[in-house]
2 protein chains.
Amino acid sequence: MTLKVSDVGEKELVKYIISNSKGITPDDTAITEFDSTNLISTTDMLIQSRHFPKNMSYFHMGFKAVTVNVSDLAAMGAEPFGFLLSMAIPKNLRLDDFKEILNGVLSACDYYSIPLIGGDTNEASEIIISGTALGLCDEPLMRYDYNLGDVIAVTGDIGLAALGFELEDLDNVYSEKALKPKARLKEGQILKKYGATSATDITDGLASELYEIKKDDFGFMIHEELLGISDEYKQLANELDLDYLDLVFHVGEDFELLFTISKDNLEKLPIYYKVIGEVTDSDVIELTLENGFVETIKNKGYEHYVSE
Amino acid sequence: MTLKVSDVGEKELVKYIISNSKGITPDDTAITEFDSTNLISTTDMLIQSRHFPKNMSYFHMGFKAVTVNVSDLAAMGAEPFGFLLSMAIPKNLRLDDFKEILNGVLSACDYYSIPLIGGDTNEASEIIISGTALGLCDEPLMRYDYNLGDVIAVTGDIGLAALGFELEDLDNVYSEKALKPKARLKEGQILKKYGATSATDITDGLASELYEIKKDDFGFMIHEELLGISDEYKQLANELDLDYLDLVFHVGEDFELLFTISKDNLEKLPIYYKVIGEVTDSDVIELTLENGFVETIKNKGYEHYVSE
């Protein structure tokens, strides 16, 4: 039988790339020593049919293309340095819509104080926006520096975007988060300054990111009650016939930062955060449910290629 | 009437991006001051149906994705620093073919001595490879520093790829150039060292690139006899019912460097080059034909969107 890429999945393909290259640091971004600091670089491609909900405006497509890349800089605690844009658009796209995409890109660059330093266009059958974000960072926030007893926390509510993607009504916090995501750039820099022991951005879902930062002999215990899932959230999920824990753990696109930090440093942290669990030496990733039962969190996130 | 992007064309879209961003240097790449040098960065997206001839192997798709980006570094005379890869592939692509694309990328990175520092994959209906090349350069080779009397030259034969795209037979220099293009990275560095007064890489065609480097009150006179178009080339074009000058001037994809340099510096230049004309003060771009007639070269190159 001939193996297809869908037989192995996106994460395995990326692992294959990493294992075949001497120059790649397996973290949220590339880290390359440069003079007395590090150049932090990351590239991410958004494809209309995959990454832009049908209700998303052209402006917010452009904004999101910057956000997804800046979010990786945020996860390193980096200072932004420059953004490069490469986009492909259908030839029958209205010129005004093209300008709206660019307005979104430029507004996001302003919002994150990252200058747009390069831009190129191509033709394709759908909108494809590839961005590259460059940053600088003396001591990047890595994924694996945590210790037993550190707490695990997030920079904001999670699961909102996942629900937002499912709602028809656009005038609510969930749709707002799904259609107009923002990267936690300042928070990442503060986390680095206050001694966070790891950070990553939540794009593929909380479960998937927990597995991304897991290291041998360590584990995480997450507590459902700490996730602060509102009754409204549970009710809306129920009306849509969706499992609210599945939405919270396995969808993502929140662009909040997931981080670990010692309890001492946590107390000083001058940003909003929500502790959701702690680092253990269990070697597994588990969830204590509100009913007291403990279950293993599945390593399932939003992944291309893999058939359900 | 509602304007479409196809009504204005790709070059106008890029101009619109540049005019709306304070941070963009309008040259082959972005140039960002950093400590005592400049970070040179460029991003280019290749789309299977647009940029990969049907005879191109998966290996050479990957190789080309690096070449097109490194070629922009070459045009600045930059030293390579790192390459980031972001690709989208159909889910039914054979795993072995994916590996061949990656092999091509890695081989090209080795060839150009540019480390692959980041990689990501996505799903799309066709193969899309977006690359970002980073380089360093203290004094980049800009496009507009030439003077009256400088010669205009190229680093190799031009028009070969254009013919290669049209041929069924693959075992010839033309197909080789079309399917396995190489960037002139070392040549770009040498041109910078030996005082070239401008450089750009030939991707959209010689005519288009001449217009890209034209500045007010200056012009270029190109001489057909200096282009060294072989009888074989003319004959093959004729058999295909194609105008050989159209192939040479208006197709591109040669990835040779087009450059200007003073006559004194030209004599010392330790690389292969071919002088094709000179800088004039005519404010027009002209061609002296072999029959002695002079005609204006049209500003027509390979451009997406614009209907023929």
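What counts, and where the lines are drawn
- Residues numbered from 1 in each chain as written.
- Chains lettered and ligands numbered in written order.
- Predicted model: local features only at pLDDT ≥ 70, side-chain atom pairs only at ≥ 80, totals over all residues.
- Heavy atoms only, no water.
- Helix = DSSP H or I, 4+ residues; strand = E, 2+ residues; numbered from the N terminus.
- Rg over C-alpha atoms; globule rule 2.2 N^0.38 Å.
- Buried < 20%, exposed > 50% of the residue type's maximum accessible area, 1.4 Å probe, protein only.
- Contact = heavy atoms within 4.5 Å.
- Areas by Shrake-Rupley, 256 points an atom, 1.4 Å probe, with all protein chains shown as cover.
- Lys, Arg positive; Asp, Glu negative; His and termini not counted.
- Charge placed at Lys NZ, Arg CZ, Asp CG, Glu CD.
- Buried area = accessible area lost by both parts, 1.4 Å probe.
- Polar contact = N/O pair within 3.5 Å; in protein donor to acceptor, adjacent residues only side chain to side chain.
- Nonpolar A, V, L, I, M, F, W, Y, C, P; charged D, E, K, R; others polar.
- Arc of directions from axis to C-beta.
- pLDDT = per-residue confidence, 0-100.
- Pairing = 2+ DSSP bridges.
- Least-squares fit on C-alpha atoms with pLDDT ≥ 70 in both.
- 1 Å grid on protein atoms, 1.4 Å probe; cavity = no way out; pocket = protein on both sides within 12 Å on 5 of 7 lines; lining within 4 Å.
- Points joined across faces, edges and corners; volume = space filled by probe spheres on them.
- Salt bridge = Lys/Arg side-chain N within 4 Å of Asp/Glu carboxyl O.

Section: the overall build of chain A
- Secondary structure assignment for chain A yields 13 helices and twelve strands.
- Taken against the 2.2 N^0.38 rule, which gives 19 Å for 308 residues, the C-alpha radius of gyration of chain A at 19 Å falls within 12% of a compact globule.
- The C-alpha extent of chain A, read off along each of the three principal axes, is 55 × 55 × 50 Å.
- Here chain A, with 308 residues, has 59% of them falling under the buried criterion.
- Within chain A, contacts between residues separated by at least 24 positions form 83% of all contacts whose residues are at least 6 apart in sequence.
- Just so you have it, chain A exposes about 12,600 Å², and 46% of that area is on carbon and sulfur atoms.
- The averaged location of the 55 negative side-chain charges in chain A is 3 Å from the averaged location of its 26 positive side-chain charges.

With respect to the interface of chain A and chain B
- Each partner contributes to the interface: chain A provides 63 residues, whereas chain B provides 63 residues.
- Roughly 5,900 Å² of surface becomes buried between chain A and chain B when both sides are summed, with 65% attributable to carbon and sulfur atoms.
- Between chain A and chain B we count 16 residue pairs in polar contact (both at pLDDT 80 or more) in total.
- Split into classes, the residues belonging to the side of chain A that touches chain B amount to 32 nonpolar, 20 polar and eleven charged.

Let's talk about helix 2 (residues 10-19) of chain A
- Taken together, the buried positions of helix 2 of chain A are occupied by A:Glu10, A:Leu13, A:Val14 and A:Ile17. Along the long axis of helix 2 of chain A, the arc covered by the buried residues comes to 100°, so they all point the same way. Exposed positions of helix 2 of chain A whose direction lies more than 90 degrees from the buried face are A:Lys15 and A:Ser19.
- Where helix 2 of chain A is buried, its residues touch helix 1 (5-8) of chain A together with strand 3 (79-89), helix 5 (95-112) and strand 4 (116-123) of chain B.

Quick notes on the confidence of the model for chain A
Residues and elements named next belong to chain A.
- Of the residues in chain A, 98% have a pLDDT of 70 or more, and the chain-wide mean is 92.
- Every residue in residues 304-308 is under pLDDT 50, and counting partners more than four places away or in other chains gives 17 contacts.
- As a predicted assembly, this complex carries a pTM of 0.92 together with an ipTM value of 0.89.

A word on the pairing of strand 2 (residues 37-47) of chain B
Residues and elements named next belong to chain B.
- The buried count for strand 2 comes to eleven of eleven residues, which makes it a mostly enclosed element.
- Sheet topology places strand 2 next to strand 5 (residues 128-137); ten bridges connect them, and they run antiparallel. Across the sheet, Thr-42 pairs through a bridge with Ala-133, a residue of strand 5.

A look at the relation of the copies chain A and chain B
- Each copy of the sequence occupies a distinct position, and chain A is placed on chain B by a rotation of 180° and an axial shift of 0.0 Å, giving an RMSD of 0.0 Å. When the rotation and shift are considered jointly, the pair of chain copies conforms to a two-fold rotation axis.
- Interface overlap between copies: 100% of the residues of chain A at the interface are likewise at the interface in chain B, consistent with a symmetric, same-surface contact.

A few points about empty space enclosed by the protein
- Here the structure, examined in full by the defined rule, presents one cavity of 30 Å³ or more.
- What the largest cavity holds in volume is close to 50 Å³.
- Around the largest cavity, the lining residues are A:Ala124, A:Ser125, A:Glu126, A:Ile128, B:Ile47, B:Ala124, B:Ser125, B:Glu126 and B:Ile128.
- The residue makeup of the lining of the largest cavity, split by class, is five nonpolar, two polar and two charged.

Observations regarding the pattern of salt bridges
- Throughout the structure, instances matching the rule amount to 35 salt bridges over all chains.
- Across the pair A:Lys15 and A:Glu12 runs a salt bridge, and its minimum N-O distance is 3.5 Å. Placement of the pair is A:Lys15 and A:Glu12 together in helix 2, with a separation of three residues, close to one helical turn.
- A relative accessible area of 40% means that A:Glu12 is categorised as partly exposed.
- Across the salt bridge formed by B:Arg143 and B:Asp28, the nearest N and O atoms sit 3.0 Å from each other. In this pair, B:Arg143 sits in the loop between strand 5 and strand 6 (151-154) while B:Asp28 sits in the loop between helix 2 (10-19) and strand 1 (30-34), placing the two residues 115 residues apart along the sequence. The pair formed by B:Arg143 and B:Asp28 is uniform in burial state, with each residue classed as buried.
- One continuous salt-bridge network, built from bridges that share partners, spans A:Lys11, A:Asp27, A:Asp28, A:Arg143, A:Asp204 and A:Glu212.

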